[in-house]
Amino acid sequence: MKPTLLVLAAGMGSRYGGLKQLDTLGPNGESIIDYSVYDAIQAGFEKVVFVIRQSFADQFKERFDPKLAGKIEVEYVYQELGNLPEGFSVPEGREKPWGTGHAMLMAKDAIKGPFAIINADDFYGREAYQTVVDFVENSKDDNEYGMVGYALDNTLSEHGTVSRGVCETDANDNLVNIIERTKIGYLDGKVVYWEDDKTTELTGKEPVSMNFWAFKNSFFKALEDGFLAFLKEKGTELKSEFYFNALVDKMIKADQASTKVLSSDAKWFGVTYQEDKPIVQQSLNSLIEKGVYPANLWE
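As the structure is a computational prediction, the values presented were derived from the model and not from experiment.

1. Concerning the environment of Asn285
Structurally, Asn285 can be placed in helix α7 (residues 277-289). Spatially, the C-alpha atoms of Asn285 and Lys190 are 27 Å apart, while their sequence positions differ by 95 residues.

This is how it looks when you write it as structure tokens:
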């Protein structure tokens with residue numbers, strides 16, 4: 001089966017000051033999501049599922065339904081605090097979402113085969129989508145997942161340090177561990193990370209996770225079981241979150257699953273703050289000038 005693209009787009013964009021998922025960044029009002037779905041179609045994805053909130057569903061449908069009609073199947077699912085298994089309720093005073101694992105679970109009934117998951121506000125690059133499709137077509141093990149590993153220097157900013165999950169792999173490119181480096185950047189032309197006021201040089205070619213993963217459909221059962229365990233342990237807390245990548249890490253360490261780190265030369269960029277917007281616009285314009293994308297994406 002051809003894969004489905006699952007787009008995590010339920011965030012409220014508090015740091016950005018609005019719905020950055022829908023902000024216009026391309027020359028004809030395109031958002032980053034437009035480019036992600038365009039790349040997915042070119043790579044052979046057959047469906048896109050948006051995880052959003054009911055409060056801005058109309059905005060999403062008005063934006064994407066007309067342009068995607070006839071190009072790819074589209075479905076919307078909703079992540080709300082009250083969407084919990086029977087027997088559980090939202091603790092009084094909780095406002096924080098339940099996390100990426102909960103968001104994924106909202107799509108359980110909308111996805112029938114293998115799927116890939118991305119963030120709505122991250123640009124991943126055409127090559128990465130093709131890499132994921134190739135993995136899905138060739139991987140026969142239901143308990144083997146994939147994660148696109150970006151070369152570290154393809155994810156850095158010229159405007160300050162970044163936090164990245166640096167991947168450790170075995171001889172077969174299977175993920176062993178992800179080390180969170182909270183301060184990586186350039187120093188005197190070299191890539192380094194800071195820790196306890198000390199700097200350590202990196203090559204810049206280390207694979208890092210930017211939350212572009214590929215899963216078999218069986219992962220939804222692991223998510224359900226994991227979310228139930230999470231709710232029993234931390235469901236009364238006001239800020240605890242259930243992350244799908246933490247579940248994958250737990251499964252790897254228990255020999256219940258493996259994750260292939262899929263090497264990609266793609267360039268990543270994204271928007272977190274308003275200050276990121278002109279940089280993203282410049283990057284998209286450069287790709288259009290090189291002929292990677294048409295000036296009007298959906299004409």
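We are not done yet, so read on.
2. Details of the packing of helix α1 (residues 32-43) against helix α4 (residues 126-138)
Between α1 and α4, whose axes approach to 9 Å, the crossing angle comes to 45 degrees. The pairing of α1 with α4 is recorded here as oblique in orientation. In this structure, α1 meets α4 at a crossing whose hand is right-handed. Contact residues: α1 offers Ser36, Tyr38, Asp39, Ala40, Gln42 and Ala43, while α4 offers Arg126, Tyr129, Gln130 and Val133. Grouping the amino acids of the contact of α1 with α4 by side-chain chemistry returns five nonpolar, three polar and two charged.

3. So, helix α5 (residues 219-234)
For α5, which comprises 16 residues, the first-to-last C-alpha distance of 21 Å matches the rise-based estimate of 22 Å (1.5 Å per residue) to within 8%. On its buried face, α5 sits against α3 (100-105), β4 (115-119), β6 (144-151), β11 (207-215) and α6 (244-253).

4. Some thoughts on the environment of Asp276
Of note, Asp276 is situated in the loop between β13 (269-270) and α7. Between the alpha carbons of Asp276 and Ala9 there is a distance of 18 Å; along the sequence they are 267 residues apart. Among all residues touching Asp276, those that are not within four sequence positions of it are Gly270 and Val271.

5. Describing the packing of aromatic side chains
Enumeration according to the criterion identifies 27 aromatic pairs in this entry. Centroid distance Tyr38 to Trp298: 5.7 Å. Interplanar angle 70 degrees. Geometry classified as edge-to-face. With Tyr38 in helix α1 and Trp298 in the segment after α7, this pair connects stretches of sequence that are 260 residues apart. Here Tyr38 matches Trp298 in class, with each residue buried.

6. A short note on the pattern of salt bridges
Oppositely charged side chains may form a pair once their charged atoms are brought near each other. All told, the structure shown has 12 salt bridges when counted by the stated rule. Notably, a salt bridge pairs Asp225 with Lys221, separated by 2.8 Å at the nearest N-O pair. Taken together, the positions of Asp225 and Lys221, both in helix α5 and four residues apart, correspond to about one turn of that helix. Through salt bridges that share partners, Lys47, Glu73 and Glu75 make up one connected network.

7. Some details on the side chain of Ser31
Looking at the element boundaries, Ser31 is found in the loop between β1 (4-8) and α1. Relative accessible area serves as the criterion here: at 0%, Ser31 is assigned to the buried category. What Ser31 contacts, discounting residues up to four positions off in sequence, is Gln21, Leu22, Asp23, Arg63 and Phe64.

Scoring rules and cut-offs
- Residues numbered from 1 in each chain as written.
- Predicted model: local features only at pLDDT ≥ 70, side-chain atom pairs only at ≥ 80, totals over all residues.
- Heavy atoms only, no water.
- Helix = DSSP H or I, 4+ residues; strand = E, 2+ residues; numbered from the N terminus.
- Axes fitted to C-alpha atoms, helices over the stretch in contact; angles between N-to-C directions.
- Parallel < 35°, antiparallel > 145°, perpendicular 65-115°, else oblique.
- Left-handed = near helix turned anticlockwise from the far one by under 90°.
- Contact = heavy atoms within 4.5 Å.
- Nonpolar A, V, L, I, M, F, W, Y, C, P; charged D, E, K, R; others polar.
- Expected span 1.5 Å × (residues − 1).
- Phe/Tyr/Trp six-rings, centres within 6.5 Å; stacked < 30°, edge-to-face > 60°.
- Buried < 20%, exposed > 50% of the residue type's maximum accessible area, 1.4 Å probe, protein only.
- Salt bridge = Lys/Arg side-chain N within 4 Å of Asp/Glu carboxyl O.

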